[in-house]
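Coordinate inspection notes
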Amino acid sequence: MKVFAHLSDLHLDGGERADARAAAVLDWLRNLTRPVEAVLVTGDIADHGLPAEYRRAAELFAYPAPVLTCPGNHDVREAFRETLLGEPASAAPVNVAKDVNGVLLALCDSTIPGEGAGYLEDSTLAWLDETLAAHAGPAFVAFHHPPLEVGVPLVDAIRQTGEDRLAEVLHRHPRVAAVLCGHVHTGAATTFAGVPVRIAPGVVSGSLLPIEPGADRGWAEGGPLDFDRPPSVLLHVLHDDGRVTTHLREVPFSG
């Protein structure tokens, strides 16, 4: 059984609260009876895109299996690449692919520098198409911004656009087992282009649907966010027949 962990939206900001919640999730993963195949972190790792925030992330991500990351709209490509990935600073999209035990993990940069919304640049889509074509086994495709509306107005207003182009790529590669996203700050599941979509909950906070109490709060009152919800992680089980079963796990946290 191949199990992949998926977390998102840590928003490390140098403060104790975000740090403690992220540490609790990584400690929980370290205490599993065996390591997962890989950990995927789908963006907004840092809150301000500062090198110090990525240095702390690198410390937290020490784990006995690969930890793969992609940027979110709060991340800054230059500092992300240089401090977290140990590569030369560059403003180019941060796209990462790795074969883990026969499963391709392709993480794409859906950010638009300086903006909240997302879009996959043509170069990123070409890279994804070529990367999927070169791999014969199952694959997960990951990025920060969901390519469709999910019912949370706060993030639907800044979702990924240009999604028809992504759909064309996915239709050419039926071995994609699931698309993995963050950005929404709540665990959710839907489909896009006939492919399962799994959205990781926010480690730092949760978002509220319009029908939930508190969803009408303004930003001065904390916005439509739940700061008391415990940090959570998704565990994706990849079956031999290509199906994906996703389990949501809340992490015990007293902070």
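Structural notes, computed from the coordinates. (Residues numbered from 1 in each chain as written. Predicted model: local features only at pLDDT ≥ 70, side-chain atom pairs only at ≥ 80, totals over all residues. Heavy atoms only, no water.)

This brings us to the nonpolar core. Nonpolar side chains tend to gather and get buried jointly when the protein is soluble and globular. Ranked by size, the top nonpolar core spans 48 residues in total, and within it Phe4, Leu7, Phe61, Leu105 and Phe140 carry the most contacts. For this core, the element with the most residues is helix 1 (residues 16-30), which contributes six residues. (Core = buried A, V, L, I, M, F, W, Y, C linked by side-chain atoms within 4.5 Å. Buried < 20%, exposed > 50% of the residue type's maximum accessible area, 1.4 Å probe, protein only. Helix = DSSP H or I, 4+ residues; strand = E, 2+ residues; numbered from the N terminus.)

With that out of the way, let us pick up the sheet that holds strand 2 (residues 38-42). One open sheet accounts for five strands, arranged 3-2-1-14-15; its pairing is mixed. The sheet terminates laterally at strand 3 (67-70) and strand 15 (244-250), the two strands that pair on one side only. Taken pair by pair, the neighbouring strands of this sheet meet at an average axis angle of 25 degrees, ignoring direction. Pairing of strand 14 (residues 232-238) with strand 15 involves seven bridges; the strand directions are antiparallel. Across the sheet, the residue bridging to Leu234 is Leu248, located in strand 15. Relative to strand 14, helix 1 is tilted by about 35 degrees, and along the sheet it contacts strand 1 (2-7), strand 2, strand 14 and strand 15. (Pairing = 2+ DSSP bridges. Axes fitted to C-alpha atoms, helices over the stretch in contact; angles between N-to-C directions. Contact = heavy atoms within 4.5 Å.)

Another point: the side chain of Arg198. Position of Arg198 relative to the elements: it lies in strand 11 (residues 195-199). At 3.0 Å, the side chain of Arg198 and the side chain of Thr246 are in polar contact. Setting aside anything within four residues of it in sequence, one finds Arg198 in contact with His6, Val179, Leu180, Cys181, Ala188, Ala189, Thr190, Leu234, His236, Val244 and Thr246. (Polar contact = N/O pair within 3.5 Å; in protein donor to acceptor, adjacent residues only side chain to side chain.)

Note: α-helices contain 3.6 residues per turn, so residues at a spacing of three or four share the same orientation. All of the buried residues in helix 3 (residues 77-84) are Arg77, Ala79, Phe80, Arg81 and Leu84. Those residues of helix 3 that are buried are in contact with helix 2 (51-60) and strand 3.

On to the pattern of salt bridges, then. Overall, the coordinates contain 12 salt bridges when judged by the stated rule. Residue Asp109 pairs with Arg77 through a salt bridge whose shortest N-O separation is 2.9 Å. In this pair, Asp109 is assigned in the loop between strand 5 (103-107) and strand 6 (118-119) and Arg77 in helix 3, connecting sequence segments 32 residues apart. No difference in accessibility class separates Asp109 from Arg77, as the two residues are buried. Among the salt bridges present, the one from Arg243 reaches Asp241, with a minimum N-O distance of 2.9 Å. Residue class for Arg243 comes out partly exposed when judged on its relative accessible area of 45%. Salt bridges linked by common partners bring Asp19, Arg56 and Glu59 together as one network. (Salt bridge = Lys/Arg side-chain N within 4 Å of Asp/Glu carboxyl O.)

The next point concerns the sheet that holds strand 9 (residues 176-181). Strands belonging to one sheet form pairs held by backbone hydrogen bonds; the direction of such a pair is parallel or antiparallel. The mixed open sheet is built from six strands, whose spatial order is 4-5-7-9-11-10. Edge positions in the sheet fall to strand 4 (96-100) and strand 10 (188-192), since each has one partner strand and no second. Taking the axes of each pair of neighbouring strands and ignoring which way they run, one obtains an average angle of 20 degrees across the sheet. Where strand 7 (residues 139-142) meets strand 9, four bridges bridge the pair, whose relative direction is parallel. Of the residues in strand 9, the one forming a bridge with Val141 is Val179. In the packing of helix 4 (residues 122-133) onto the sheet, contacts are made with strand 4, strand 5, strand 7 and strand 9, and the angle to strand 5 comes to roughly 175 degrees. Contacts between helix 6 (residues 163-171) and the sheet are confined to strand 7, strand 9, strand 10 and strand 11, with strand 10 contributing the most and set at about 75 degrees to the helix.

Any link to function would need more than the numbers given here.
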